[in-house]
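# Descriptive analysis of the structure
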Amino acid sequence: MKIHSSLTTSEFSAALAAPSERAEGLFREQREAVYRATDHLFARLLVLEWAVLIVVALLVAPGSWPGQTGRIDLQIWLAVVFGGAITLLPVALAQLRPGAAITRYTIAACQMLHSGLLIGLSGGRLETHFHVFCSLVILSFYRDWRVLVPATLIVGLDHFLRGAYWPVSIYGVLSSGSFRSVEHCAWVAFEDVFLAIACFRSTHEMRATALRTAALEASQHANQLIMDKSRDVICANDAEGRFVSVSAACEALWGYKREELIGKSCVEMVHPDDRERSRLANLEIMGGHPVTNFENRYVRKDGKVVDVLWSAYWSESDGTLFQVARDITKRKRAEVALQKTNRQLASAHQANQLIMDNSQDVICSLDAQGRFLSTNAACQSLWGYSAEELIGRCYLVLVHPEDRVRSKQVEAGTRTGGKTDLINRCLRKDGSIIDVLWSVSWSAADEILFCVAHDVTERQRTEKALREAKEAADRANRAKSEFLSRMSHELRTPLNAILGFGQLLERQAPQPKQRLHLNHLLTAGHHLLELINEVLDISRIETGRMQLSLGPVSVKVALKEAIDLIQPLATEHSIHLFVAPKNETDHFVMADRQRLHQVLLNLLTNGVKYTPAGGAVMVNCRIDDAIVRLAVRDTGIGIAPGMLPRAFTPFDRLGAEQTGVEGTGLGLALSRRLVEAMHGRVGVESVQGEGSTFWLELARTEAPLEVIAANSLPDAPSREPENANKEECVFA
Ligand code: ADP
């Protein structure tokens, strides 16, 4: 049984050590009670005796008095006045100071004076002397031998004085020798001796009883302390199972207050499923077979179920079942959780084993020196060695000699860096070489390297082939771009000559038929020149020779310039071209001004080109935190969903060649490359027959310093950063 920590050893010993002091207290209390009870006894006795004295004085005294004349008045006076004095004084003291020594001694003295008065009133009748002996016996009720002293002194004094001077009033004779008084006193002393012995014995017994009571109290107190401070439930039940006493822990266990538990049946609280088992256990205990470690469940007052471990025995003599119990709910829960964890561990272990057994990869552990501690069966297929052949050998024997130093370095790094991946070449048992990817992790606590080795020979081979193929493709692409670039340069010179001479001929007033031919010649030439320029741009980007100068570019200005240029074409095609919504605030993007202009022109031209007459092309600018999004939306022919992914593919006109609209199929491809070179993005959304939206996103940037400076001067004439044109950033 566990005692609650707040019950200290000193507290417990203090509870047991106090009895001597307590015994003294109890003894005093008991003696005081005896004194008081005896005082009250005498108070009533003295009043009774006073009444008897008056009756005796009235009836008996005259007849017993010898001589011719009786002094009746005196006797009555004596009975009333003297008797009253020796009655009222002690009675008053018994009422006012019960238990006090003075009261006792006064009562003793007055009681003996009553005896003397009675003897005197009876004319010294021998029988009345028994009153003395009886009084002494009754005085011994005080259990205090000291009260016998004043009583005896009064008796002795009375006998000697009256024996000498008034023998008739005490012995009923006219004269007596002093020996008679001695004899009387001797009898009194004789009785005193035994009464004193009785007092001593009685006091001794009283003290012993007090000591026993104190010891009992101390032990009860200690028991109560144990009961109250114990974490365990301690209780006693009667034969019907009702609680007779309960420790403080019972309240915590069952949730009922002590007063609620006392008289309540313990069985009522047992969980219904455990009731029968508990009843049988009770019968066994009451049959004289104490039970230890009996477990059952109880339903608390709040409805919660608690698990309890019991020890109980039946006391036949007390008709009481003493029980000690402990709340083991937490332990039970912990046990259940532990069982669950164990099961999970076992399953995990089983799963691990299954993985180990069926893994294509080698799963192994190495000691601090790199020697195999364990490995799964996959080592046979990876290296051609069985597990038995590898255990105890260093893994480096498997590594290609040229890779050993590097492998060792990586392995050492693992011990400080945790987990590492390493690819090295390994020598199989049959001498062949394989590439192995090692995933290694170091357990500092166990000083073990855990490794998973995976054959990546094939993957390495494929990667190498892919790398080589890509390099070849890059080379071919570069060669193609180089070729295109050179070709374009070479083509541009004669083409410029063709166009130049064509324009010369146009100015020399040709015949209408010749003019038609010249028009064909110039249109085809311009188309070819556009194509060559775009091819040149694309190849420049691809070969990394395109020089972009990125800087803050005003969106307002860029849009205005592009729209101004396209407006005549739009008017020619009867297309409504505008910016919406109109925005007064200017924003800046990080771009190459000339190339952004080129992209916008391309998108706007497409919008106009692929929109039937009467349609509209709208430019929209949206700011999204650090991004500026420009969108060119038209109400044109749109693009079929299946063709959208090919929208930015060079030379792919998405079937536009059949529509008669002129084009090279390079504009969008070039736009994408330019925007991406400016770290932006382009995209398209389109619904066939309804229209398309081509958008581009560029990084937003701060306005250049001179713009900020110009704006901060209220009187200074406003100035566009890109050109000196003072136009509002409103396009219509
Ligand atoms: P092209 O010189 O043919 O216009 P682009 O690269 O600019 O070449 O465009 C590729 C193809 O995308 C075009 O041929 C056309 O089919 C389609 N396209 C481009 N812009 C639009 C548009 N606004 N509406 C419908 N189709 C478009």
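Residues numbered from 1 in each chain as written. Predicted model: local features only at pLDDT ≥ 70, side-chain atom pairs only at ≥ 80, totals over all residues. Heavy atoms only, no water.

## Section: empty space enclosed by the protein
Which entries qualify depends on this criterion: A pocket, in this scheme, is an open set of points on a 1 Å grid over the protein atoms alone with protein on both sides within 12 Å along at least 5 of 7 lines, while a cavity is a set where a 1.4 Å probe fits but cannot get out; residues line either one if an atom lies within 4 Å of a point. Grid points are joined across faces, edges and corners, and a volume is the space filled by probe spheres set on the points. Only runs of H or I of at least four residues qualify as helices and only runs of E of at least two qualify as strands under DSSP, and these elements are numbered from the N terminus.
Summed over the entire model, instances satisfying the criterion amount to four cavities of 30 Å³ or more. Estimated volume of the second largest cavity: approximately 80 Å³. Leu366, Tyr395, Ser407, Val410, Glu411, Thr414, Leu422, Asn424, Trp438, Val440 and Cys451 are the residues that line the second largest cavity. Put simply, the parts of the chain that give the lining of the second largest cavity at least two residues each are helix H16 (404-417), strand E8 (419-427) and strand E9 (433-443). Sorting elements by how many residues they give to the lining of the second largest cavity places H16 first, with four residues.

## Let's talk about a nonpolar patch on the surface
Stated precisely, the cut-off is as follows: Exposure above 30% relative accessible area and the lack of any salt bridge qualify a residue for a patch; like charges then connect within 9 Å, and the nonpolar side chains Val, Leu, Ile, Met, Phe, Trp and Tyr within 5 Å. Surface exposure here means Shrake-Rupley accessible area, sampled with a 1.4 Å probe, where a residue is shielded only by the protein chains that are shown. Any carboxyl oxygen of Asp or Glu within 4 Å of a side-chain nitrogen of Lys or Arg constitutes a salt bridge here.
On the surface, Trp187, Phe190, Val193, Phe194 and Ile197 cluster together into a nonpolar patch covering about 520 Å² of accessible area. For valine 193, the location among the structural elements is in helix H8 (residues 178-229).

## Quick word on the layout of surface pockets
Which entries qualify depends on this criterion: Classification used: nonpolar for Ala, Val, Leu, Ile, Met, Phe, Trp, Tyr, Cys and Pro, charged for Asp, Glu, Lys and Arg, polar for all others including Gly.
If you add up the space inside the largest pocket, you get close to 1100 Å³. Taken together, 49 residues form the lining of the largest pocket, with Asn602, Asn606, Lys609, Tyr610 and Glu662 sitting closest to its centre. At the level of elements, helix H18 (512-542), helix H20 (593-609), strand E15 (627-634), helix H21 (667-677) and strand E17 (691-701) are the ones that each hand at least two residues to the lining of the largest pocket. Of the residues in the lining of the largest pocket, the class split is 19 nonpolar, 22 polar and eight charged.

## Side note on the packing of aromatic side chains
Put simply, the rule is: Pairing of aromatic side chains here covers Phe, Tyr and the six-membered ring of Trp, requires ring centres within 6.5 Å, and sorts the geometry by plane angle: under 30 degrees stacked, over 60 edge-to-face, intermediate tilted. For every residue, the accessible area obtained with a 1.4 Å probe (protein chains only) is divided by the maximum for its type, and the residue is called buried under 20%, exposed over 50%, and partly exposed between those limits.
For the structure on display, the rule yields 14 aromatic pairs. Arranged with centres 6.2 Å apart and planes meeting at 55°, the rings of tyrosine 35 and tyrosine 142 form a pair that is tilted. One end of the pair, tyrosine 35, is in helix H2 (residues 19-64); the other, tyrosine 142, is in the loop between helix H5 (130-139) and helix H6 (148-165), and 107 residues separate them in sequence. An identical accessibility class is assigned to tyrosine 35 and tyrosine 142; each is buried. For the ring pair tryptophan 187 and phenylalanine 190, a centre distance of 5.9 Å and an interplane angle of 90° mean the geometry is edge-to-face.

## Brief notes about the pairing of strand E4 (residues 305-315)
The condition is simple: Two strands pair under a simple rule: DSSP has to find at least two bridges between them.
Burial runs high along E4: eight of the 11 residues are buried. Pairing between strand E3 (residues 291-299) and E4: eight bridges, direction antiparallel. Bridge assignment links arginine 297 to a residue of E4, and that residue is aspartate 307. The loop that links E3 with its antiparallel partner E4 comprises five residues; one of these, glycine 303, has a positive phi angle of about 90°. Pairing between E4 and strand E5 (residues 320-327): eight bridges, direction antiparallel. Paired with tryptophan 314 across the strands is leucine 321, a residue of E5.

## Looking at the site of the ligand
Heads up, the condition is: Only heavy atoms are used to decide nearness, and a residue is near a molecule or strand if one of them lies within 4 Å of it. Polar contacts, as used here, are pairs of N or O atoms within 3.5 Å; protein pairs need one atom able to donate a hydrogen and one able to accept it. Residues neighboring in sequence count only if both atoms are side-chain atoms.
By nearness alone, 19 residues border the ligand, and Asn606, Tyr610, Arg653, Thr664 and Leu668 come closest of all. A distance of 2.9 Å separates a nitrogen atom of the ligand from a polar side-chain atom of aspartate 634. Between leucine 668 and the ligand, the recorded distance is 2.8 Å, taken from a backbone N or O atom to an oxygen atom. Against a free-state accessible area of 520 Å², the protein chains account for coverage of 97% of the ligand.

## So, the sheet that holds E5
Backbone hydrogen bonds are what pair the strands of a sheet, in a parallel or an antiparallel way. Just so we agree on the cut-off: Orientation is described by lines fitted to C-alpha atoms, with helices fitted over the stretch in contact, and by angles between N-to-C directions that extend from 0 to 180 degrees. Working rule for contacts: check all heavy atoms of both residues, and any pair within 4.5 Å makes them a contact.
With respect to topology, five strands assemble into an open sheet ordered E2-E1-E5-E4-E3, the strand pairing being antiparallel. In this open sheet, the two strands that pair with only one neighbour each are strand E2 (243-246) and E3. Mean inter-strand twist for the sheet, computed between neighbouring axes without regard to direction, equals 30°. Packing against the sheet, helix H12 (residues 275-286) makes contact with E3, E4 and E5, and its axis sits at approximately 145° to E3.

## Remarks on the sheet that holds strand E10 (residues 448-455)
Taken together, the five strands give an open sheet; going across it, the order is E7-E6-E10-E9-E8, and neighbouring strands pair in antiparallel fashion. In this open sheet, the two edge strands, each paired with only one partner strand, are strand E7 (372-375) and E8. Taken pair by pair, the neighbouring strands of this sheet meet at an average axis angle of 25°, ignoring direction. Where helix H17 (residues 457-507) meets the sheet, its contacts fall on E8, E9 and E10, and the angle it forms with E9 comes to roughly 115°.

## Brief notes about the state of the cysteines
The condition is simple: In this description, the term disulfide denotes a pair of cysteine sulfurs within 2.5 Å.
Applying the stated criterion across every chain yields a total of zero disulfides. Free of any disulfide, cysteine 199 has its nearest neighbouring cysteine sulfur in cysteine 134, separated by 16 Å. Judged by relative accessible area, which is 2%, cysteine 199 ranks as buried. Free cysteine cysteine 235: the closest other cysteine sulfur is in cysteine 250, separated by 4.9 Å.

## What to know about the confidence of the model for the protein chain
Test applied: The predictor's confidence in any single residue is recorded as pLDDT, a number from 0 to 100.
When pLDDT is averaged along the protein chain, the result is 87; 92% of the residues meet or exceed 70. For residues 1-5, every residue scores under 50 in pLDDT, and the model assigns this stretch 16 contacts once sequence neighbours within four places are set aside. Contacts from residues 714-732, a stretch scored under 50 in pLDDT, to residues over four places away or in other chains number 37 contacts.

## With respect to H20
Heads up, the rule is: Expected helix span is computed as 1.5 Å times (number of residues minus one).
The first and last C-alpha atoms of H20 sit 24 Å apart over 17 residues, in line with the 24 Å expected at 1.5 Å per residue. Along H20, the positions that sit buried rather than exposed are Arg595, Leu596, His597, Val599, Leu600, Asn602, Leu603, Leu604, Asn606, Gly607 and Val608. N-capping of H20 is provided by aspartate 592, with a side-chain oxygen placed 3.1 Å from the backbone N of glutamine 594.

## Section: the pairing of E2
The side chains of a regular strand alternate, first on one face of the sheet and then on the other. Looking at chain direction, strand E1 (residues 233-237) and E2 are connected through three bridges and run antiparallel. Bridging across to E2, asparagine 237 finds its partner in phenylalanine 243.

## Things to note about unusual backbone geometry
At arginine 143, a position not held by glycine, the phi torsion is positive, near 60°. With respect to the helices, strands and loops of the structure, arginine 143 is situated in the loop between H5 and H6.

## Brief notes about the nonpolar core
For clarity, the threshold we go by: Within this scheme, the nonpolar core is defined by two criteria: the residues are buried Ala, Val, Leu, Ile, Met, Phe, Trp, Tyr or Cys, and they are joined through side-chain atoms within 4.5 Å.
Of all hydrophobic cores here, the largest spans 44 residues; its most connected members are Val589, Leu596, Leu600, Leu604, Leu696 and Leu698. Broken down by element, the residue count for this core peaks at seven residues, all from helix H19 (residues 555-572). The contacts of leucine 596, once residues within four sequence positions are left out, are Val553, Ala558, Val589, Ala591, Met678, Leu696 and Leu698.

## Some thoughts on the pattern of salt bridges
Evaluation of the coordinates by the stated rule reveals 42 salt bridges. In this structure, glutamate 276 engages arginine 279 in a salt bridge whose closest nitrogen and oxygen atoms are separated by 2.8 Å. On the criterion of helical spacing, the pair formed by glutamate 276 and arginine 279 is a turn pair, its members being three residues apart in helix H12. Overall, glutamate 276 belongs to the partly exposed group, its relative accessible area being 46%. With its nearest N and O atoms 2.9 Å apart, the salt bridge here joins glutamate 561 to arginine 593. Remark: arginine 593 occurs in helix H20 and glutamate 561 occurs in helix H19; sequence separation between them is 32 residues. Bridged by salt links that share partners, the residues Glu295, Arg331, Lys332 and Glu335 form one connected network.

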